[in-house]
Every structure is written in C-alpha cells, then in structure tokens.
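# Analysis of the macromolecular model
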Number of protein chains: 2
Amino acid sequence: MLGYLMMNRKSDEEELRELAGDFREALRHSVYLVRRLDAEGELSAAQLSTLKMLLDGGVRVGEIARNLGVRVPSATEQIIKLERAGLARREPDPDDSRAVRVVLTPAGRDAVDSANARRNAVMAGILSSLSEQDRQALAAALPVIGQINASLQD
Amino acid sequence: MLGYLMMNRKSDEEELRELAGDFREALRHSVYLVRRLDAEGELSAAQLSTLKMLLDGGVRVGEIARNLGVRVPSATEQIIKLERAGLARREPDPDDSRAVRVVLTPAGRDAVDSANARRNAVMAGILSSLSEQDRQALAAALPVIGQINASLQD
DNA sequence: TGTTCATCATTAGGTAACCTAACATTTAGG
DNA sequence: CCTAAATGTTAGGTTACCTAATGATGAACA
C-alpha cells in the first residue's frame, strides 16, 4: 500500500514532467504560427500588443512594460515608434510628474481594429479545419493557459 | 427554419472568430512564458530547437530550416554557432555533394539533455499549481495545437 | 555530351526587439 | 533639507530573423 502510494506519487511527477515537455514543444512550434500572422505593411506583433493595452484609456510606461513582459526601455522604444507613426501620444501624468501616460490616437484605434480583425481572420481560417471536438478541446484549454500566464505576472 | 440555419451558420463563424482571438491572445502571452524559461549561460531557445532535431541522426540544413520555420540562412547561422560551441558538426552529404548533413556531437547531446531537463523542470514547477482538471484540459488541447502547427509545415 | 536550369548552402548587409548601464527628473521619508 | 527610491529616456550592444547575391553541384534534355 505504501509502495502503491509511492509509485502513484512518482507517476504524478512523471506525468507532470511529460506534460511540461509537451507543452513546451507546442509553444515552440506556435512561435512560427504567430509569425505566420504577420503581414507586410501592418503593425508588428509587438506594436499591436502595445496598442491593445491602451484601448481602455491612458497607461503609464512602466505598466505597459510590465504587461508586455519586457523592460521599461524596450517599452519606451515601441512607444516612440507608435508615436512617430501617429498611433499613440505621450502626455504628462497629472498625478506624478515623473510619469508619462500613453494614450491612443483615433488613428491608433483604427489601426488596432483593422490589424486585429485581419489577424483574427487568418487565424480563424487556420482553425476552420478543426473538428468540432478539437475546437472544444482547444477552447477548454485557453482559460488554463491564461491562468498560467497570469500567474507569471508577478 | 431557413432563418434558424442562417443564424446558426453565422453563430458558428462568430464562435470561430472568437476562438481565434482568444487563441491569439493566449499565444501572445505565452511568448513571455517561453522567455521565462531561458537561463543565463545555457543554450538559447533557438539553439536548443535546432539541436533537438539532430537527436535521431544527421539532418540537412534545408530540412532544419523547414522544421524550425525559418529561412535557410537563419538556420545556417545557428548551426555555425553550434559548431563553434562544439555541439554540432557539419559533414558533406554522401548522397548529394551540394548538401550538408548536420550531426550532433556527444557534447551536443549532453547539452540538449541538460537544457531540456532544466527547462522542463521549470515548466513543471509552473504547471504544478494547476488542478487535475486543468491539467487534463491542457493535455487534451496539446495534440490539437500540434495538429494546427503541423498543418502549417507546408 | 554539353548547355541550361534548379537546388543547396553560405556570405553580406540590414532590421526589429530585446537587454543592461548610466543618466535626469521628481517624489517621498527621515 | 537631503538623501533614497521611483520613473522614463538615452546610449550601446546582442540575438535572431530577413532578402539578395554568389558559388557549387545535380538533373533534364536537345
């Protein structure tokens, strides 16, 4: 009985390790999937990610960086590019003069909408070959993946 | 009845579009998860991916590129780095003198094993907080994601 | 059998997105 | 006050991708 418990515990670890490996493998390949969604004259994935955070109002640079999972200078760099493209604006934060609030311009909002729509359409095309069962399996896993990602936000 | 069918079809498209958006969002965040697995003096993700393909024997440069989802020059670049690090070797292909077969050195095999083990351990740690149900949902989706990725291989 | 066209890999040169370290500015706490 | 912490920006570097051009070999065919 003790032997059984020990075996069982070990088997759980084994399973977890295997799941980890498979998940890593899936994510590795998915990088190329994401890359496939890029288009020539459009927003880059990094720029789109940055702009999407601004949809609900101004966001400080540090918070953008934290949400993007990058360092502050990397966020600044993206923001400068967006500003030069007329898609975002930097404004002084009224509450803290050290800080900067980044806000979306109308052109920025349009750019998010269209880039988002195009990328979703391409992805939907890719997913359209899945069976109903497969779609359900994928849909069921997305909240779990989201939870994993959220737990890493620190 | 016709109305019902039309509504139903449209709802399907809607659902697919929504699934596509959610999947994109999950993958976007997962980039940071993958980045989190990187370690200081270890193989980079690109290098590890490249080496992993060689585990079962010599592979040609073009095939490595195709499997990695990158162009041939990018693969060559990685291979040269691995060669300089003593982890892989380039040999002339006996069947086709234009081609090059890339093979793993013993050191390369060790490097794959240890990098792989470390990364899997970190990932397993992250996944260990999931409920059994969540793990099953994730495990069920991985083959689907694998299928999506495989369908993109061209 | 030679010429031509395709294929395989490398080299050269450029870009995008990240990083750390050093800085200026402003806030907050003894 | 005056020092310490926090916020962004600038400067300089790295990595991993890309396209275009090149050299070398193989394959097709007149």
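Owing to the predicted nature of the structure, the values given are computational and were not obtained by experimental measurement.

## Some remarks on the overall build of chain A
- Regarding its fold elements, chain A presents six helices and three strands.
- Taking 2.2 N^0.38 as the reference for a compact globule, 154 residues should give roughly 15 Å; the C-alpha atoms of chain A span a radius of gyration of 21 Å, well beyond that estimate.
- Expressed as a percentage of the 154 residues in chain A, the buried residues total 40%.
- A sequence separation of at least 24 residues applies to 54% of the contacts in chain A between residues at least 6 apart.
- Only carbon and sulfur atoms are counted for the fraction: they give 52% of the accessible area of chain A, which is about 8800 Å².

## Describing the domain arrangement of chain A
- Taken domain by domain, chain A holds domain 1 (1–36) and domain 2 (42–151).
- Once you take the C-alpha centre of each, domain 1 of chain A and domain 2 of chain A turn out to be 30 Å apart.

## Some points on the sheet that holds strand β1 (residues 59–60) of chain A
Residues and elements named next belong to chain A.
- The strand order across the open sheet formed by three strands is β1-β3-β2, and the pairing between neighbours is antiparallel. Whereas interior strands pair on both sides, the edge strands pair on one side only; in this sheet they are β1 and β2 (88–92).
- Pairing between β2 and strand β3 (residues 100–104): five bridges, direction antiparallel. Looking at β3, one finds that Ala88 is bridged to Leu104.
- Helix α4 (residues 72–84) contacts β2 and β3 of the sheet and is inclined by roughly 115° relative to β2.

## Considerations on the interface of chain A and chain B
- The interface is formed by 53 residues belonging to chain A together with 53 residues belonging to chain B.
- Between chain A and chain B, roughly 5100 Å² of surface is buried when both sides are summed, and carbon and sulfur atoms account for 68% of that area.
- On the surface where chain A and chain B come into contact, there are two salt bridges.
- Close ionic contact of Lys52 of chain B with Glu25 of chain A constitutes a salt bridge, the shortest N to O distance being 3.3 Å.
- The tally of links from chain A across to chain B stands at eleven residue pairs in polar contact (both at pLDDT 80 or more).
- When residues in the side of chain A that touches chain B are grouped by element, the largest group, 19 residues, is from helix α1 (residues 2–36) of chain A.

## What about the protein's contact with DNA strand C?
- Surrounding DNA strand C, one finds 24 residues, the nearest of these being Ser44, Ser74 and Ser97 of chain A together with Gly62 and Arg90 of chain B.
- If you look at DNA strand C and keep only atoms within 4 Å of the protein, 73% of those are sugar or phosphate atoms.
- Here a base oxygen of DNA strand C sits 3.0 Å away from a polar atom, N or O, in the side chain of Arg98 of chain B.
- One of the backbone N or O atoms of Val100 of chain B is found 3.1 Å from a phosphate oxygen in DNA strand C.
- When contributions to the surface near DNA strand C are tallied by element, the ones reaching two or more residues are α4 of chain A together with α3 (61–68) and α4 (72–84) of chain B.
- Per element, the largest residue contribution to the surface near DNA strand C is five residues, and it comes from α4 of chain A.
- For the surface near DNA strand C, a count of residues per class yields nine nonpolar, six polar and nine charged.

## Section: the environment of Gly41 of chain B
- The residue Gly41 of chain B is located in the loop between α1 (2–36) and α2 (45–52) in this model.
- Measuring from C-alpha to C-alpha, the distance between Gly41 of chain B and Asp134 of chain B comes to 33 Å, with 93 residues separating the pair along the chain.

Reading guide: rules and limits
- Counting restarts for each chain, with residues numbered from 1 along the sequence as it is written.
- Chains and ligands are labelled by the order in which they are written, letters from A for the one and numbers from 1 for the other.
- Local features in a predicted model are, by the rule used here, given only for residues with pLDDT of at least 70; side-chain atom pairs are given and counted only at 80 or more, and totals for whole chains, interfaces and linings are based on all residues.
- As a rule here, side-chain values cover all heavy atoms of the structure and leave hydrogens and water aside.
- Every helix listed is a DSSP run of H or I at least four residues long, and every strand listed is a run of E at least two residues long, numbered separately from the N terminus.
- In this setup the radius of gyration rests on C-alpha atoms only. A globule is expected at 2.2 Å times the number of residues raised to 0.38.
- Exposure classes here rest on a 1.4 Å probe applied to the protein chains alone. A residue is buried below 20% of its type maximum, exposed above 50%, and partly exposed in between.
- It only takes one pair of heavy atoms within 4.5 Å for two residues to be counted as in contact.
- Here the open area of atoms and residues is found with the Shrake-Rupley method and a 1.4 Å probe, where only the protein chains shown may cover a residue.
- Bear in mind that the domain bounds are from an automatic or database domain assignment.
- When DSSP finds two or more bridges between two strands, those strands count as paired.
- Every axis in this analysis is a line fitted to C-alpha atoms, fitted for helices over the stretch in contact. Angles between the N-to-C directions lie between 0 and 180 degrees.
- By buried area we mean how much accessible surface two parts lose on assembly, using a 1.4 Å probe and totalling the loss over both.
- What makes a salt bridge here is a side-chain nitrogen of Lys or Arg within 4 Å of a carboxyl oxygen of Asp or Glu, nothing more.
- Any N or O atom pair separated by 3.5 Å or less is treated as a polar contact, with the protein-specific requirement of one donor-capable and one acceptor-capable atom, and with residues adjacent in sequence counted only for side-chain atom pairs.
- In these notes, residues near a molecule or strand are those with any non-hydrogen atom within 4 Å of it.
- Each residue gets one label: Ala, Val, Leu, Ile, Met, Phe, Trp, Tyr, Cys and Pro are nonpolar, Asp, Glu, Lys and Arg are charged, and the others, such as Gly, are polar.

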